[in-house]
Amino acid sequence: REFELLSGRKGPGNGVYLLRVEGVTSREQAAALKGSFLYVRREMTPDLEEGEILVWQLEGLQVACLRRPVLLDGDVDSVLQLAGPVLGRVTGIVPREELTGNPDLGNDLLEVTLLQGGGEGGDPDTVLIPFVDDIVPAVSLEEGIVLIDPPEGLLELVQPKRRRRVVIRGLLPPFGHARGTGMHL
């Protein structure tokens, strides 16, 4: 269903928000929506301050290391001027709330799939990069790049590969029964 959000504020507890929604006027109507997910159309994003970005805007951006040494003997017109070779791509974000249960503790992590590497089965390696100013000094949505300055060893902390799981889409009929016929075999 589509609703118009009239107002909202952070409520008590982790991940609790109190919202006023058009057409919801009673406690019973509100209780029926408890635990619901709220989605906003991308074209309806709020106006952002200088330097602010929305988390979903990071996904798909290329990731490169800050070129060393950094030579700033002139005006830098582009983040790309400071970038070394592309290492990979942002394939996800791990919100700090998922890690700590507390939105005020810790930092978000960028899930980066590396272009090089990949041991088992040829799947590319994935690393987690803390989204903090010291490690992620620049993001350029216009240029499609995240610039990182990782401490030594961070890119070697590869995430374990996820094993493919078997998904059961349905169950076979009991032994000796022909499916859908009611006949015993």
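Residues numbered from 1 in each chain as written. Predicted model: local features only at pLDDT ≥ 70, side-chain atom pairs only at ≥ 80, totals over all residues. Heavy atoms only, no water.

## Notes on the overall build of the protein chain
Piece 1. A tally of regular secondary structure across the protein chain gives 2 helices and 8 strands.
Piece 2. For the protein chain, long-range pairs separated by at least 24 residues make up 44% of all intrachain contacts whose partners lie at least 6 apart in sequence.
Piece 3. Within the structure as shown, the protein chain displays about 14,600 Å² of accessible surface, and the carbon and sulfur contribution to it stands at 53%. (Helix = DSSP H or I, 4+ residues; strand = E, 2+ residues; numbered from the N terminus. Contact = heavy atoms within 4.5 Å. Areas by Shrake-Rupley, 256 points an atom, 1.4 Å probe, with all protein chains shown as cover.)

## Some points on the layout of surface pockets
Piece 1. In this structure, the largest pocket occupies an estimated 2,200 Å³ of space.
Piece 2. Lining the largest pocket we find 40 residues, and of these L19, F37, L38, Y39 and V40 sit closest to its centre.
Piece 3. Listed by contribution, the elements that provide at least two residues to the lining of the largest pocket are β1 (5-10), β2 (17-21) and α1 (27-33).
Piece 4. Of the residues forming the lining of the largest pocket, the biggest block, 5 residues, is contributed by β2.
Piece 5. Looking at the lining of the largest pocket residue by residue, the classes come out as 24 nonpolar, 5 polar and 11 charged. (1 Å grid on protein atoms, 1.4 Å probe; cavity = no way out; pocket = protein on both sides within 12 Å on 5 of 7 lines; lining within 4 Å. Points joined across faces, edges and corners; volume = space filled by probe spheres on them. Nonpolar A, V, L, I, M, F, W, Y, C, P; charged D, E, K, R; others polar.)

## Thoughts on the sheet that holds strand β6 (residues 126-130)
Sheet strands associate in pairs through backbone hydrogen bonding, adopting either a parallel or an antiparallel arrangement.
Piece 1. Sheet architecture is open: 6 strands sit in the order β6-β5-β4-β3-β8-β7, paired in mixed fashion. The sheet is open, and its two borders are formed by β6 and β7 (138-140), each paired with just one other strand. Strand-to-strand twist across the sheet, computed as the mean angle between neighbouring axes with direction ignored, equals 35°.
Piece 2. Relative to strand β8 (residues 145-148), β7 runs antiparallel, the two being bridged by 3 bridges. Across the sheet, residue V139 finds its bridge partner in β8, namely V146. (Pairing = 2+ DSSP bridges. Axes fitted to C-alpha atoms, helices over the stretch in contact; angles between N-to-C directions.)

## Quick notes on the nonpolar core
Across soluble globular proteins, nonpolar side chains show a tendency to be buried alongside one another.
Piece 1. Formed by 15 residues in total, the largest nonpolar core has its most connected members in L58, L110, V112, I129, V136 and V146.
Piece 2. Those elements that place two or more of their residues in this core are β4 (83-94), β5 (109-114), β6 and β8.
Piece 3. Sorting elements by how many residues they give to this core places β5 first, with 3 residues.
Piece 4. Residue contacts for V112: discarding those within four places in its chain leaves V63, G88, R89, V90, T91, D125, T126, V127 and I129. (Core = buried A, V, L, I, M, F, W, Y, C linked by side-chain atoms within 4.5 Å. Buried < 20%, exposed > 50% of the residue type's maximum accessible area, 1.4 Å probe, protein only.)

## A short note on the environment of L114
Piece 1. With respect to the secondary-structure elements, L114 resides in strand β5.
Piece 2. Owing to a relative accessible area of 13%, L114 belongs among the buried residues under this scheme.
Piece 3. Distance in space between the C-alpha atoms of L114 and V90 is 8.9 Å, their sequence separation being 24 residues.

These figures capture arrangement, not role.
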